[in-house]
Amino acid sequence: MCLGIPGQIVAVTDSERMLAMAEISGVKREVNVAPVATGPLQDLVGKWTLIHVGFAMALIDEDEAEATLQALHDLGEAQAELDAMAAAEAAQEGRE
């Protein structure tokens, strides 16, 4: 299963290599935009994209980006809760 993280393209960094700077949850990272480039790369600035292993894989709208970021945040909270439950269960088994 592949997971794409929403990021917003904030600048073109190398047109020849089709690289752009994306901001992902406050962190900036250079990504390859070749999979989503259909015209001048500058047109991608301000657009949201799903990013996977350093590639912009699909353009998405801002609402979808926000919903995906919220879902990822919620999954992280759910995982933290599951980890806490597992730790409590392991501790309980250790006392028996």
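That block above? That's the structure.
As the structure is a prediction and not an experimental result, all values here were calculated from the model. (Residues numbered from 1 in each chain as written. Predicted model: local features only at pLDDT ≥ 70, side-chain atom pairs only at ≥ 80, totals over all residues. Heavy atoms only, no water.)

**A word on the side chain of Thr49**
Okay, so step 1: Relative to the elements of secondary structure, Thr49 occurs in strand S4 (residues 48-52).
Okay, so step 2: The buried category is assigned to Thr49, whose relative accessible area is 1%.
Okay, so step 3: Polar side-chain contacts of Thr49 include one of 2.8 Å to the backbone oxygen of Ala58. (Helix = DSSP H or I, 4+ residues; strand = E, 2+ residues; numbered from the N terminus. Buried < 20%, exposed > 50% of the residue type's maximum accessible area, 1.4 Å probe, protein only. Polar contact = N/O pair within 3.5 Å; in protein donor to acceptor, adjacent residues only side chain to side chain.)

**Concerning the pairing of strand S1 (residues 5-14)**
Okay, so step 1: Two elements, S1 and S4, share four bridges in a ladder whose sense is antiparallel. Looking at the pairing, Ile5 lines up with Ile51 of S4.
Okay, so step 2: As defined by bridge partners, S1 adjoins strand S2 (residues 19-24) across five bridges and the pair is classed as antiparallel. Its bridge partner lying in S2, Val12 is registered against Ala20.
Okay, so step 3: Hairpin geometry of S1 and S2 is characterised by an intervening segment of four residues between the two adjacent antiparallel strands and by a positive phi of about 60 degrees at Met18. (Pairing = 2+ DSSP bridges.)

**Concerning the pattern of salt bridges**
Okay, so step 1: Under the counting rule described, the total for this entry stands at one salt bridge.
Okay, so step 2: The partner of Asp14 in a salt bridge is Arg17, with the nearest N and O atoms 3.5 Å apart. (Salt bridge = Lys/Arg side-chain N within 4 Å of Asp/Glu carboxyl O.)

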